[in-house]
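# Examination of the molecular architecture
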Amino acid sequence: MTDDWVSLFSGGKDSSWALYRALEEGLNVTRLLTVHPGEDSESYMYHVPETRLASLAAESIGIDLVEVDPGDLAATTATDSATQGDREVEPLEAALRGLQDELDLAGVTAGAIESEFQTSRIRSMCERLGVDLFAPLWQRDPDELAAEMLDAGFEITIVQVAAHGLDESWLGRTLDADALDELRALDDEYGVHILGEGGEFETLVTDGPHMSRPLELEYETVWDGTRGRIRVTDARLG
């Protein structure tokens, strides 16, 4: 058997870039794995908005998707973040243990950039599973990463915002060079991370060199005055 890799995949830019870099490095990614915390829930470990579109993205990418629905993670009522983070990893680890029964699992890819909270838990999980971790974004300069994503041809759509300076006009906007310039200015003024690493915004990759067809979306926006998201009403492959 060949060594199999599983890509932790939400459809957002960071997990998509980790997958893309893994494929460029020649890693044999045979499964994508998406954890669905639920559209209206919170999570300490996982990307939340529009993860249901991961199946459409996986179809375009051409790699089988494993979907994990852990139910309500109860993150909004958690009193201890460390305990909550550990608990949220459990359904992911269980899914990967199940895949070890059918794959020659060599490793897992992850899109973490700066979050030690998330990365340390994924790293520990991989150690328990006896597999490697490929985390090509870890501790990279965010400006360089953003440039690499755009240079590679990633089309990145902002699907959720929750930060000072990010109003409703950002919902559905493409993360391009102009948007990055504005985010740098917002970083100076409000401390908005240009890649949204602090949860300031969430994204969906709608096209890229690893995809055979783009995602086409129809959506409405949901805005409460300080934060908001797009709610996709229809999605298809172009």
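Here the structure is a predicted model, which is why all the values come from computation and not from measurement. (Residues numbered from 1 in each chain as written. Predicted model: local features only at pLDDT ≥ 70, side-chain atom pairs only at ≥ 80, totals over all residues. Heavy atoms only, no water.)

So, about the side chain of Arg-31. On the secondary structure map, Arg-31 appears in strand β2 (residues 29–35). A residue is classified by how much of its surface remains accessible, and Arg-31, at 17% relative accessible area, is buried. Of note is the side chain of Arg-31, whose polar atom sits 3.1 Å from the side chain of Glu-102. (Helix = DSSP H or I, 4+ residues; strand = E, 2+ residues; numbered from the N terminus. Buried < 20%, exposed > 50% of the residue type's maximum accessible area, 1.4 Å probe, protein only. Polar contact = N/O pair within 3.5 Å; in protein donor to acceptor, adjacent residues only side chain to side chain.)

A separate point is the pattern of salt bridges. Under the definition given, this model contains 18 salt bridges. Between Glu-216 and Arg-236 there is a salt bridge, with the nearest N and O atoms lying 3.7 Å from each other. On the criterion of sequence distance, the pair formed by Glu-216 in strand β8 (residues 215–223) and Arg-236 in strand β9 (residues 228–237) is long-range, its members being 20 residues apart. Glu-216 sits in the partly exposed class, given a relative accessible area of 35%. Judged by its relative accessible area of 31%, Arg-236 is partly exposed. With a closest N to O distance of 2.9 Å, Glu-218 and Arg-236 form a salt bridge. With Glu-218 in strand β8 and Arg-236 in strand β9, this residue pair connects regions lying 18 residues apart in the sequence. Overall, Glu-218 belongs to the partly exposed group, its relative accessible area being 40%. Through salt bridges that share partners, Glu-216, Glu-218, Asp-234 and Arg-236 make up one connected network. (Salt bridge = Lys/Arg side-chain N within 4 Å of Asp/Glu carboxyl O.)

Along any regular strand, the residues point their side chains to alternate faces of the sheet. Here β8 runs beside β9; their pairing, made up of nine bridges, is antiparallel. Across the sheet, residue Leu-215 finds its bridge partner in β9, namely Leu-237. The turn joining β8 and β9, which pair antiparallel and follow one another in sequence, is formed by four residues; a positive phi near 105° is taken by Gly-225. (Pairing = 2+ DSSP bridges.)

Attention now goes to the sheet that holds strand β3 (residues 65–68). With parallel pairing, the five strands of this open sheet are ordered in space as β3-β2-β1-β4-β5. Where the open sheet ends on each side, the last strands, each with one partner, are β3 and β5 (132–134). Strand-to-strand twist of the sheet, defined as the mean angle between neighbouring strand axes without regard to direction, takes the value 25°. Two strands pair when backbone bridges link them, and strand β1 (residues 4–8) and strand β4 (residues 105–109) are joined in this way by four bridges, in the parallel orientation. Looking at β4, one finds that Asp-4 is bridged to Leu-105. (Axes fitted to C-alpha atoms, helices over the stretch in contact; angles between N-to-C directions.)

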